[in-house]
Amino acid sequence: MSGYERQLLARAHELEDLGEPAETVTGILGGGRRAGLDPDALAGLVGAATALGVDGVAVYAAGRGPGARYASEAEFLSTLADAEDDIAERLKAAGRLHDQTVTALDSALDALDAARAMPTSDPCDGCHGFKAAAIAEAEARVRSCEDAIEILEPLSGQLRHALARIRAVPSDLGETYESVYSLIRRGGAMPHQGRWITGQEAVTGKWWGNAKNS
């Protein structure tokens, strides 16, 4: 049975590698900065990147150089939603694996108790060796489960925090630009070719000229 517990541990190590989601979140942060978003609107992404293990230097440097930027709010939020889905799925997978590992640990502990309780008597060719092997096998199963749990519990905390920070970004964006959104809802318009929330291009190509003549 030790092969099953080793598989659980190997899967825990796979989930522990957060390089891909960390890179994705850092990329979204950089794209948002290049688009000119206010830092308050990006605080959730900073927190998510940090929770996923991105070091402070990389978080600070995100977006501070050439690279892609988001051309619209819709593009930004769509990419953000994809990252949220990925982190949420990883969190679910970690939770499922944790439950499976706890069950396997209980079974391994039962096997260890049974192995230790195995009777030996003299003369008994091989009895002592068989008992020792059974104990060693059960102990290996227990260690694999315990090692997996030591990975999964803090990992779940990381992913949970990152997910909460990612989910805060849309509301942070709305609060930061509340006055702009209010203007749009009232029928107002931002200048054409403004950043993200743009108005209609005037016939003359000069929105300010129309405003003067209105």
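Predicted model, so just to flag it, every value in this text is computed and none were measured.

A. Main features of the pattern of salt bridges. Scanning all chains against the criterion turns up seven salt bridges. With a closest N to O distance of 3.1 Å, Glu5 and Arg141 form a salt bridge. Taken together, the positions of Glu5 in helix H1 (residues 2–16) and Arg141 in helix H6 (residues 127–176) put the pair 136 residues apart, joining distant regions of the chain. Each of the two residues, Glu5 as well as Arg141, counts as buried. Two residues, Asp86 and Arg90, come together in a salt bridge whose shortest N-O distance is 3.2 Å. Taken as a pair, Asp86 and Arg90 lie in helix H5 (residues 73–116) at a separation of four residues, close to a single helical turn. Take Asp86: its relative accessible area is 28%, and that puts it in the partly exposed class. We classify Arg90 as buried; its relative accessible area is 16%. A single network of salt bridges, built from pairs that share partners, joins Glu20, Asp86 and Arg90.

B. Seen up close, the packing of aromatic side chains. Enumeration according to the criterion identifies one aromatic pair in this entry. Taking 5.5 Å as the distance between ring centres and 75° as the angle between the ring planes, the aromatic pair formed by Tyr70 and Phe76 counts as edge-to-face. Over the ring of Tyr60 we find Arg64, and its NZ or CZ is 4.2 Å from the ring centre.

C. Quick peek at the packing of helix H2 (residues 19–34) against helix H3 (residues 43–51). The interhelical angle for the contact between H2 and H3, taken along N-to-C directions, is 155°, at an axis separation of 9 Å. Between H2 and H3, the interaxial angle falls into the category roughly antiparallel. Where H2 crosses over H3, the two elements pack in a sense that is left-handed. Every residue of H3 that contacts H2 at Val25, Thr26, Ile28, Leu29 and Arg33 is listed here: Leu45, Val46, Ala48 and Ala49. Residues that form the contact of H2 with H3 fall into these classes: seven nonpolar, one polar and one charged.

D. View of the confidence of the model for the protein. On average, residues of the protein score 86 in pLDDT, and 83% of them reach the 70 mark or higher. At the low end of the mean pLDDT range in the protein sits helix H8 (residues 207–213), at 35; at the high end sits H3, at 97. Counting interchain partners and residues more than four positions distant, the pLDDT-below-50 stretch residues 199–214 has twelve contacts.

E. Representation of the environment of Glu84 within the structure. With respect to the helices, strands and loops of the structure, Glu84 is situated in helix H5. For Glu84, a relative accessible area of 22% translates into the label partly exposed.

F. Representation of H1 within the structure. Relative to the 21 Å expected for 15 residues at 1.5 Å per residue, H1 spans 21 Å between its end C-alpha atoms, a close match to the ideal helical length. For H1, the full list of buried residues reads Ser2, Glu5, Leu8, Leu9, Ala12 and Leu15. Projected down its long axis, H1 carries its buried residues within an arc of 145°, all on one side. In H1, the exposed positions angled more than 90 degrees off the buried face are occupied by Arg6, Gln7 and Glu14.

G. Representation of the nonpolar core in the model. With 51 residues, the main nonpolar core has Val25, Leu45, Leu52, Phe76, Ile87 and Leu159 as its most contacted residues. The set of elements that each furnish at least two residues to this core consists of H1, H2, H3, H5 and H6. The dominant element in this core, judged by the number of residues it contributes, is H6, at 15 residues. In contact with Val25, not counting residues within four places along its chain, are Leu45, Ala48, Ala49, Leu52, Ile87 and Ile166.

About the criteria used
Residues numbered from 1 in each chain as written. Predicted model: local features only at pLDDT ≥ 70, side-chain atom pairs only at ≥ 80, totals over all residues. Heavy atoms only, no water. Salt bridge = Lys/Arg side-chain N within 4 Å of Asp/Glu carboxyl O. Helix = DSSP H or I, 4+ residues; strand = E, 2+ residues; numbered from the N terminus. Buried < 20%, exposed > 50% of the residue type's maximum accessible area, 1.4 Å probe, protein only. Phe/Tyr/Trp six-rings, centres within 6.5 Å; stacked < 30°, edge-to-face > 60°. Lys NZ or Arg CZ within 6 Å of the ring centre and 35° of its normal. Axes fitted to C-alpha atoms, helices over the stretch in contact; angles between N-to-C directions. Parallel < 35°, antiparallel > 145°, perpendicular 65-115°, else oblique. Left-handed = near helix turned anticlockwise from the far one by under 90°. Contact = heavy atoms within 4.5 Å. Nonpolar A, V, L, I, M, F, W, Y, C, P; charged D, E, K, R; others polar. pLDDT = per-residue confidence, 0-100. Expected span 1.5 Å × (residues − 1). Arc of directions from axis to C-beta. Core = buried A, V, L, I, M, F, W, Y, C linked by side-chain atoms within 4.5 Å.

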